[in-house]
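Structural characterization, general
Residue strings, one per chain:
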Amino acid sequence: MIDLRSDTVTKPEKKMLDYMFQAKLGDDVFEEDPTVNELQDYAASLFGKESALYCSSGTQTNQIAINLHVNPGGEVICHKDSHVFKYEGGGIAKNSGASTRTVSGDRGRITVDEIENWINPENDVHYPLTQLVSIEDTANRGGGAVYDFNEIVRIRAFCNKMNLPLHLDGARVFNALTENQIDYKTYGKQFDSISICLSKGLGAPVGSLLLGDNDFINRAKRVRKVFGGGMRQAGIIAAGGLFALKNNVNRLTIDHQHAKQLEKALNASSLIKDVIPVETNIVVFELNDHKRTNEYISALENHGILALTFGKGMIRMVTHLDIDQSAIHKTCECIHSIV
Ligand SMILES: *Cc1c(COP(=O)(O)O)cnc(C)c1O
């Protein structure tokens, strides 16, 4: 099967597995797992942050960050299609008792003007206190769109002015940085907290990291524990993440080229109304006939290709390190053949 449903479906290659088997282990709740410590230090320094915390998933890192930034009754500004709002099981309300001000914006990205519009006046007791801005780069539902770095800088400046923290859901931040070519530390400086996923395009089997300053990460350790995320000899899986960070970032350009090839084939198909312009490894397209979505997915599956329904006539394909050129070639041929 050519599995294009998500970049989370990758399986660890032999070299990564060997590296994992050889990892030095300890009890990470005692902060004694040398591999986890190495991974955390490596990731933090990459983005110029003081500290990092290894967690079980990107949902967990996002939810921990939100829990630390907001109080019950506070409000988070985020995009209406953002993962923190749409795909984390209502966690903002459930875990943190906070509300969301969801805003729209081009392909999953929000602008500083939009944030400025929706920030609540602090001196009017009717309104919840706006306590956090959260953005997603790349934006999943935006078809892997990358933020204009200048907009991020403007958002940062505005947050500074309003004394608001800024969180990055960077599940696919390496895909963004591959395209925008911004220096990691310059980029990292814009955010109070950063969540990065090791198990998406980087190909590790498990884990995400939360990055921030020392005080923030110390407090994050307690929240992680409360959320049931204190892991013991976690180095065995963290090693996969460390291997991924050191070996699988530079190759993301290949995934992006593959996604472009899919975009081209889809744009040439008479069944397809629109493809969201491809910038990274996510391809989201819309069928002319919304009622034929399941039929289209089945037709792909009959050719050994798996894709994901993405709501209202939309379908998503994601390229990753288990998809090679021949798989892309086969998928493009299949797209041409479905009429
Ligand atoms: C995948 C993803 C996450 C985290 O998902 P987990 O499955 O919990 O690791 C967070 N944000 C975005 C945009 C994602 O695509």
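Every value quoted in this text rests on a predicted model; they were computed, and no experiment measured them. (Residues numbered from 1 in each chain as written. Predicted model: local features only at pLDDT ≥ 70, side-chain atom pairs only at ≥ 80, totals over all residues. Heavy atoms only, no water.)

Observations regarding the overall build of the protein chain
In terms of regular secondary structure, the protein chain is built from 14 helices and 13 strands. On C-alpha atoms alone, the protein chain measures out to a radius of gyration of 20 Å, which is about the 20 Å that the 2.2 N^0.38 rule sets for 339 residues. Taken over the C-alpha atoms alone, the protein chain extends approximately 55 × 55 × 35 Å along its principal axes. Buried positions account for 57% of the 339 residues belonging to the protein chain. At a minimum sequence separation of 6, the contacts of the protein chain that also span at least 24 residues come to 74%. Taking the average place of the 36 positive charges on the side chains of the protein chain and the average place of its 42 negative ones, the gap between the two points comes to 2 Å. (Helix = DSSP H or I, 4+ residues; strand = E, 2+ residues; numbered from the N terminus. Rg over C-alpha atoms; globule rule 2.2 N^0.38 Å. Buried < 20%, exposed > 50% of the residue type's maximum accessible area, 1.4 Å probe, protein only. Contact = heavy atoms within 4.5 Å. Lys, Arg positive; Asp, Glu negative; His and termini not counted. Charge placed at Lys NZ, Arg CZ, Asp CG, Glu CD.)

Overview of the sheet that holds strand E3 (residues 75–79)
Pairing is mixed across the open sheet formed by 7 strands, whose spatial order is E2-E8-E7-E6-E5-E3-E4. Edge strands, defined here as strands with exactly one partner in the open sheet, are strand E2 (51–55) and strand E4 (99–103). Taking each pair of neighbouring strands and ignoring which way they run, the sheet shows an average axis angle of 20 degrees. Inspection of the sheet shows E2 paired to strand E8 (residues 208–212) by 5 bridges, in the antiparallel sense. Considered in E8, the bridge of Leu53 is made with Leu210. (Pairing = 2+ DSSP bridges. Axes fitted to C-alpha atoms, helices over the stretch in contact; angles between N-to-C directions.)

Overview of the sheet that holds strand E10 (residues 282–287)
Strand order across the open sheet formed by 4 strands is E9-E10-E13-E12, with antiparallel pairing between neighbours. Where the open sheet ends on each side, the last strands, each with one partner, are strand E9 (272–275) and strand E12 (308–309).

Examining the pattern of salt bridges
Under the counting rule described, the total for this entry stands at 19 salt bridges. Linking Asp27 and Arg232 is a salt bridge whose minimum nitrogen-to-oxygen distance equals 3.2 Å. Of this pair, Asp27 sits in the loop between helix H1 (14–21) and helix H2 (34–46) while Arg232 is found in the loop between helix H10 (214–226) and helix H11 (235–247), placing the two residues 205 residues apart along the sequence. The class for Asp27 is buried, based on a relative accessible area of 16%. With a shortest N-O distance of 3.4 Å, Lys246 and Glu38 are connected by a salt bridge. (Salt bridge = Lys/Arg side-chain N within 4 Å of Asp/Glu carboxyl O.)

A few points about the nonpolar core
In this structure, Ile135 and Phe174 are the most contacted members of the largest nonpolar core, which totals 51 residues. Looking at which element gives the most residues to this core, the answer is H11, with 6 residues. Those residues in contact with Phe174 that lie beyond four places of it in its chain are Leu46, Phe47, Tyr184, Ile196, Leu202, Leu245, Val249 and Leu252. (Core = buried A, V, L, I, M, F, W, Y, C linked by side-chain atoms within 4.5 Å.)

Regarding empty space enclosed by the protein
For the coordinates displayed, the defined rule picks out 1 cavity of 30 Å³ or more. Of the volumes computed, that of the largest cavity is approximately 40 Å³. In terms of lining residues, the largest cavity is bounded by Ala171, Arg172, Phe174, Asn175, Cys197, Lys200, Gly201, Leu202 and Leu252. Looking at the lining of the largest cavity residue by residue, the classes come out as 5 nonpolar, 2 polar and 2 charged. (1 Å grid on protein atoms, 1.4 Å probe; cavity = no way out; pocket = protein on both sides within 12 Å on 5 of 7 lines; lining within 4 Å. Points joined across faces, edges and corners; volume = space filled by probe spheres on them. Nonpolar A, V, L, I, M, F, W, Y, C, P; charged D, E, K, R; others polar.)

Brief notes about the site of the ligand
Contacts to the ligand come from Ser57, Gly58, Thr59, Asn62, His83, Glu136, Asp169, Ala171, Arg172, Cys197 and Lys200. Take Asp169: an N or O atom from its side chain is 2.6 Å from a nitrogen atom of the ligand. One of the side-chain N or O atoms of Arg172 is found 2.9 Å from an oxygen atom in the ligand. Coverage of the ligand by the protein amounts to 84% of the 380 Å² it exposes when considered alone. Examining the composition of the shell around the ligand, we find that 3 residues originate from one element, helix H3 (residues 58–69), more than from any other. (Near = heavy atom within 4 Å. Polar contact = N/O pair within 3.5 Å; in protein donor to acceptor, adjacent residues only side chain to side chain. Areas by Shrake-Rupley, 256 points an atom, 1.4 Å probe, with all protein chains shown as cover.)

Remarks on the domain arrangement of the protein chain
Where interface size is given, it is often the accessible area lost as the parts come together that is meant. According to the domain assignment, the protein chain contains domain 1 (14–247) and domain 2 (251–337). Here the C-alpha centre of domain 2 lies 28 Å away from the C-alpha centre of domain 1. Counting from both sides, the interface comprises 19 residues of domain 1 and, opposite them, 14 residues of domain 2. For the pair domain 1 and domain 2, the two sides together bury roughly 1500 Å², of which 53% comes from carbon and sulfur. The largest share of the area that domain 1 buries against domain 2 comes from Arg141, Gly143 and Asn175, three residues that together contribute 31% of it. Counting every contact that joins domain 1 to domain 2 gives 1 salt bridge. (Domains from an automatic or database assignment. Buried area = accessible area lost by both parts, 1.4 Å probe.)

What to know about the packing of aromatic side chains
Overall, the coordinates contain 7 aromatic pairs when judged by the stated rule. For the pair Phe285 and Tyr296, a centre-to-centre distance of 5.9 Å together with 70 degrees between the ring planes defines the contact as edge-to-face. Of this pair, Phe285 sits in strand E10 while Tyr296 sits in helix H13 (residues 293–302), and the two are 11 residues apart along the sequence. Tyr296 matches Phe285 in its accessibility class, with the two residues each being buried. Through successive ring pairs, a cluster of aromatic residues spans Phe47, Phe174 and Tyr184. Above the plane of the ring of Phe310 lies Arg141, whose end atom (NZ or CZ) is 4.1 Å from the centre. A cation over a ring is seen here: Lys246 above Tyr42, with NZ or CZ 5.1 Å from the ring centre. (Phe/Tyr/Trp six-rings, centres within 6.5 Å; stacked < 30°, edge-to-face > 60°. Lys NZ or Arg CZ within 6 Å of the ring centre and 35° of its normal.)

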